[in-house]
Amino acid sequence: MENSLSQLAEIEISCRLKFKAMERPQIDSSDKAYHALVNNWNQDGIDLIEEFKIILLNRRNRVLGVGFTEIVSLI
(Lines give C-alpha, C1' and ligand atoms only; values in the text may rest on other atoms or scores of the structure.)
Protein backbone atom coordinates (compact mmCIF):
# COMPACT_ATOMS: atom_id res chain seq x y z
CA MET A 1 0.00 0.00 0.00
CA GLU A 2 2.81 2.43 0.82
CA ASN A 3 4.44 1.93 -2.60
CA SER A 4 1.20 2.59 -4.50
CA LEU A 5 0.72 5.93 -2.71
CA SER A 6 4.15 7.14 -3.81
CA GLN A 7 3.33 6.44 -7.48
CA LEU A 8 0.66 9.07 -8.04
CA ALA A 9 0.18 11.02 -11.25
CA GLU A 10 1.50 14.57 -11.39
CA ILE A 11 -0.95 17.29 -12.40
CA GLU A 12 0.41 20.40 -14.06
CA ILE A 13 -1.61 23.56 -14.61
CA SER A 14 -0.58 26.24 -17.07
CA CYS A 15 -2.06 29.63 -17.76
CA ARG A 16 -1.74 31.82 -20.86
CA LEU A 17 -2.80 35.31 -19.95
CA LYS A 18 -4.29 37.59 -22.62
CA PHE A 19 -4.32 40.76 -20.52
CA LYS A 20 -1.71 42.77 -18.67
CA ALA A 21 -1.78 42.51 -14.88
CA MET A 22 -3.16 46.01 -14.38
CA GLU A 23 -6.06 45.29 -16.78
CA ARG A 24 -7.31 42.31 -14.76
CA PRO A 25 -9.91 42.83 -11.99
CA GLN A 26 -8.68 42.87 -8.42
CA ILE A 27 -10.60 40.91 -5.78
CA ASP A 28 -10.35 42.77 -2.49
CA SER A 29 -13.76 41.93 -1.01
CA SER A 30 -16.23 39.06 -0.88
CA ASP A 31 -18.68 41.18 -2.90
CA LYS A 32 -16.21 41.44 -5.82
CA ALA A 33 -15.54 37.69 -5.60
CA TYR A 34 -19.28 36.99 -5.72
CA HIS A 35 -19.76 39.19 -8.80
CA ALA A 36 -16.75 37.62 -10.55
CA LEU A 37 -18.31 34.17 -10.07
CA VAL A 38 -21.89 35.16 -10.97
CA ASN A 39 -20.68 36.83 -14.18
CA ASN A 40 -19.01 33.54 -15.18
CA TRP A 41 -22.00 31.33 -14.35
CA ASN A 42 -24.55 30.06 -16.85
CA GLN A 43 -27.72 31.56 -15.32
CA ASP A 44 -29.97 29.31 -17.45
CA GLY A 45 -28.53 26.15 -15.91
CA ILE A 46 -27.73 27.33 -12.40
CA ASP A 47 -30.67 25.32 -10.95
CA LEU A 48 -30.01 22.23 -13.07
CA ILE A 49 -26.29 21.55 -12.76
CA GLU A 50 -24.20 21.45 -9.62
CA GLU A 51 -20.83 23.07 -10.31
CA PHE A 52 -17.66 23.75 -8.39
CA LYS A 53 -15.93 27.03 -9.30
CA ILE A 54 -12.66 28.63 -8.23
CA ILE A 55 -11.16 32.04 -8.84
CA LEU A 56 -7.43 31.89 -9.55
CA LEU A 57 -5.60 34.95 -8.22
CA ASN A 58 -2.04 36.18 -8.37
CA ARG A 59 -0.23 37.47 -5.27
CA ARG A 60 -1.80 40.92 -5.68
CA ASN A 61 -5.33 39.43 -5.79
CA ARG A 62 -5.69 40.09 -9.52
CA VAL A 63 -7.82 37.53 -11.36
CA LEU A 64 -5.89 35.03 -13.47
CA GLY A 65 -9.02 33.10 -14.40
CA VAL A 66 -12.10 31.24 -13.26
CA GLY A 67 -12.04 27.45 -13.27
CA PHE A 68 -15.04 25.16 -13.04
CA THR A 69 -16.04 21.52 -12.91
CA GLU A 70 -19.51 20.18 -13.55
CA ILE A 71 -20.31 17.80 -10.69
CA VAL A 72 -23.67 16.21 -11.50
CA SER A 73 -26.82 16.87 -13.47
CA LEU A 74 -29.88 17.15 -11.23
CA ILE A 75 -32.46 16.43 -13.96
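Below, the structure is looked at part by part.

Reading guide: rules and limits
- Residues numbered from 1 in each chain as written.
- Predicted model: local features only at pLDDT ≥ 70, side-chain atom pairs only at ≥ 80, totals over all residues.
- Heavy atoms only, no water.
- Helix = DSSP H or I, 4+ residues; strand = E, 2+ residues; numbered from the N terminus.
- Buried < 20%, exposed > 50% of the residue type's maximum accessible area, 1.4 Å probe, protein only.
- Contact = heavy atoms within 4.5 Å.
- Areas by Shrake-Rupley, 256 points an atom, 1.4 Å probe, with all protein chains shown as cover.
- 1 Å grid on protein atoms, 1.4 Å probe; cavity = no way out; pocket = protein on both sides within 12 Å on 5 of 7 lines; lining within 4 Å.
- Points joined across faces, edges and corners; volume = space filled by probe spheres on them.
- Nonpolar A, V, L, I, M, F, W, Y, C, P; charged D, E, K, R; others polar.
- Lys, Arg positive; Asp, Glu negative; His and termini not counted.
- Salt bridge = Lys/Arg side-chain N within 4 Å of Asp/Glu carboxyl O.

Quick notes on the overall build of the protein
Link 1 in the chain: In terms of helices and strands, the protein carries two helices and two strands.
Link 2 in the chain: Scanning the protein from its N terminus toward the C terminus, one meets helices and strands in the order α-α-β-β.
Link 3 in the chain: Counting the 75 residues in the protein, one finds 12% classified as buried.
Link 4 in the chain: Across the protein, every contact between residues at least 6 apart in sequence was considered, and the portion connecting residues at least 24 apart equals 38%.
Link 5 in the chain: Carbon and sulfur atoms provide 53% of the accessible area of the protein, an area that totals close to 7,000 Å².

Some words on the layout of surface pockets
Link 1 in the chain: Estimated volume of the largest pocket: approximately 220 Å³.
Link 2 in the chain: Lining the largest pocket are 13 residues, with F19, R24, V63, L64 and G65 sitting closest to its centre.
Link 3 in the chain: The greatest single-element share of the lining of the largest pocket, amounting to four residues, is contributed by strand β2 (residues 63-73).
Link 4 in the chain: Classifying every residue of the lining of the largest pocket by side-chain character gives eight nonpolar, two polar and three charged.

Focus: the side chain of R24
Link 1 in the chain: By the secondary structure assignment, R24 is in the loop between α1 (2-5) and α2 (30-38).
Link 2 in the chain: An unpaired buried charge is present at R24: no salt bridge exists, and E23, the closest side chain of opposite charge, is 7.2 Å distant.
Link 3 in the chain: Setting aside anything within four residues of it in sequence, one finds R24 in contact with L17, F19, N58, R62, V63 and L64.

Some remarks on the pattern of salt bridges
Side chains that differ in sign of charge can pair as their charged atoms come close.
Link 1 in the chain: Taken as a whole and assessed by the stated rule, the structure comprises one salt bridge.
Link 2 in the chain: Between D28 and K32 there is a salt bridge, with the nearest N and O atoms lying 3.2 Å from each other.
Link 3 in the chain: D28 gets classed as exposed once you look at its relative accessible area, which sits at 52%.

Digging into the side chain of R62
Link 1 in the chain: Along the chain, R62 turns up in the loop between β1 (49-57) and β2.
Link 2 in the chain: Buried charge without a salt bridge: R62, with D28 as the nearest opposite-charge side chain at an N-O distance of 8.4 Å.
Link 3 in the chain: The residues contacting R62, other than those within four sequence positions of it, are A21, M22, R24, P25, Q26, L56 and L57.

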